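Residues per chain, in single letters:
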Amino acid sequence: MNSERRLIEGIREKVEAGERLSFEDGLALEASNDLFALGSMANLVRERFNGNAGYYNVNTHINPTNVCVYTCDFCAFRADLGEDRAYVMDRDQIVERTRQASARGATELHIVGGLHNKLPFSYYVDVVRWIKETAPEIHIKAYTAVEIEFFRKISRKSVEQILRELIDAGLGSLPGGGAEIFHPEVREQICGAKASTEICLDVHRTAHRLGLHSNATMLYGHIDGPKHRIDHMVRLRELQDETGGFQTFIPLAFHPDNSQMAHIPKPSGVMDLKVMAISRLMLDNFPHIKAYWVMLGLKTAQVALSFGADDIDGTVVHEKIYHEAGAETPQEVTVAEIRRLIAEAGRNPIERDTLYHRVERDGGTGTWTSREHIDVPGLALAGTSGR
Ligand code: V47
């Protein structure tokens, strides 16, 4: 057996025993090109955590504005104030989009946008309130840690006060965006101006303390290397040990078109599957790993269900951030298509709401109810405080 093989076999023994992998183990996984070995280990953990479930949800995205004070190198969505393509959605537009989402049975609205030079914090609170008033049944997953930190700066309130105001208006949880790559060598180059790693993690810590759940992401496949990705995962794992408030980790594949990094090629299929598998293996206290089909493409997302992922996100309508950066995926896939893709991958398609309650639908009326919370038995094996 050569030394790489020996290292991977040593890691396999740890995975089978439910032991935590070290930073060095993560680097060894990154160095391996044995996709089958990585996939089979990740699949073992996925199955331990989530059995045969393949989760999806029915959701809609709203990006209230594309105007942004920051100029992150990877972003093709942002616009300068006054530019032709700059927009801000008003109350009527938000309400209309919410009505459409409600009519099609969406259980979640995912809201993330630019950090506008002029809008006051009250606008962002109003967006949440307008949605809640229009469709109280819909869960509002809104504003990344970077946005919350920006609200702190413009409002001069504390992160805790900001979150409390948003919760009062109807906020249900935080999405995972804005994390990009936490390692300073990369973060400073691609998005040095926005909230630092420590600030981002602290926003999630505060949110978890207030009882909100949140997701975590990692934008990979640009100028990041193996040590940056493993460092990112270890930082998230440490915070999750402390709070248990993260639900899902979503590795986001970089889309270069129309960004300042347009010269960098897209991550390859092998990289997509490797990052997925390594995420499942390193993040032993995260209940869920999501293969976000909008970024990965439906085909890779489907295969990722055998490389550690247990979720492929939603039916997603009105997605702008990746489509402006060249994503060729459709804006929406039907529930029937998502279920077919999941079933063909050998998983049992289960509709969930944002907080991982099973959703039951009355086919006749189109109404839905959230049922029992889906517990993740594998977390007990990892010996952590994840909830
Ligand atoms: O933070 C921006 C990424 C994120 C590009 O929490 C890009 O359930 C690739 O976080 N190529 C926002 N990625 C979206 C996000 C998200 C998506 C789906 C589900 C959840 C969740 C969260 O999108 C940004 C950034 O990392 N992004 N530009 C680009 N050109």
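This text gives an overview of the structure that appears in the document. Keep in mind that what you see is a predicted model, and the values were worked out from it rather than measured. (Residues numbered from 1 in each chain as written. Predicted model: local features only at pLDDT ≥ 70, side-chain atom pairs only at ≥ 80, totals over all residues. Heavy atoms only, no water.)

## Let's talk about the side chain of Asn66
Turning to step 1, where the next piece is worked out: With respect to the helices and strands, the residue Asn66 is situated in the loop between strand S2 (59-62) and helix H4 (91-103).
Turning to step 2, where the next piece is worked out: Judged by its relative accessible area of 3%, Asn66 falls in the buried class.
Turning to step 3, where the next piece is worked out: Here the side chain of Asn66 touches Tyr87 through a polar contact of 2.9 Å, landing on its backbone nitrogen.
Turning to step 4, where the next piece is worked out: The residues contacting Asn66, other than those within four sequence positions of it, are Phe77, Arg78, Ala79, Arg85, Ala86, Tyr87 and Gly114. (Helix = DSSP H or I, 4+ residues; strand = E, 2+ residues; numbered from the N terminus. Buried < 20%, exposed > 50% of the residue type's maximum accessible area, 1.4 Å probe, protein only. Polar contact = N/O pair within 3.5 Å; in protein donor to acceptor, adjacent residues only side chain to side chain. Contact = heavy atoms within 4.5 Å.)

## Observations concerning the nonpolar core
Turning to step 1, where the next piece is worked out: Leu29, Tyr143, Ile148, Phe151, Leu166 and Leu236 are the most contacted members of the largest nonpolar core, which totals 114 residues.
Turning to step 2, where the next piece is worked out: At 8 residues, helix H5 (residues 121-134) tops the list of elements feeding residues into this core.
Turning to step 3, where the next piece is worked out: When sequence neighbours within four positions are dropped, the list of residues in contact with Tyr143 reads Ile111, Tyr124, Val127, Val128, Ile148, Phe151, Leu166, Leu174 and Pro175. (Core = buried A, V, L, I, M, F, W, Y, C linked by side-chain atoms within 4.5 Å.)

## A few points about the environment of His208
Turning to step 1, where the next piece is worked out: Looking at the element boundaries, His208 is found in helix H9 (residues 197-209).
Turning to step 2, where the next piece is worked out: Distance from His208 to Leu174, taken between C-alpha atoms, is 9.7 Å for residues 34 residues apart in sequence.
Turning to step 3, where the next piece is worked out: Here Ser214 takes part through its side chain, which lies 2.7 Å from a polar atom of the side chain of His208.

## A few points about the packing of H4 against H5
Turning to step 1, where the next piece is worked out: At a minimum axis distance of 9 Å, the contact between H4 and H5 shows a crossing angle of 40°. Classified by the interaxial angle, the pair formed by H4 and H5 is oblique. In terms of crossing hand, the pair formed by H4 and H5 is right-handed. Residue-level inspection shows Arg91, Ile94, Val95, Thr98 and Arg99 of H4 in contact with H5, the latter providing Val127, Trp130, Ile131, Glu133 and Thr134.
Turning to step 2, where the next piece is worked out: Here the residues of the contact of H4 with H5 are counted per class, giving 5 nonpolar, 2 polar and 3 charged. (Axes fitted to C-alpha atoms, helices over the stretch in contact; angles between N-to-C directions. Parallel < 35°, antiparallel > 145°, perpendicular 65-115°, else oblique. Left-handed = near helix turned anticlockwise from the far one by under 90°. Nonpolar A, V, L, I, M, F, W, Y, C, P; charged D, E, K, R; others polar.)

## Some words on the pairing of strand S3 (residues 108-111)
Turning to step 1, where the next piece is worked out: With burial as the criterion, each face of S3 is covered, one bearing Glu108 and His110 and the other bearing Leu109 and Ile111.
Turning to step 2, where the next piece is worked out: The sheet contact formed by S2 and S3 spans 4 bridges and is parallel. Of the residues in S3, the one forming a bridge with Asn59 is Glu108.
Turning to step 3, where the next piece is worked out: In this region the chain leaves S2, passes through H4 and returns to the parallel neighbour S3; the handedness of that crossover is right-handed.
Turning to step 4, where the next piece is worked out: As paired elements, S3 and strand S4 (residues 139-142) share 4 bridges and run parallel to each other. Bridge pairing in S4 links Ile111 to Ala142.
Turning to step 5, where the next piece is worked out: For the handedness criterion, the β-α-β arrangement of S3, H5 and S4 is classed as right-handed. (Pairing = 2+ DSSP bridges. Right-handed = clockwise from strand over helix to strand, strands pointing away.)

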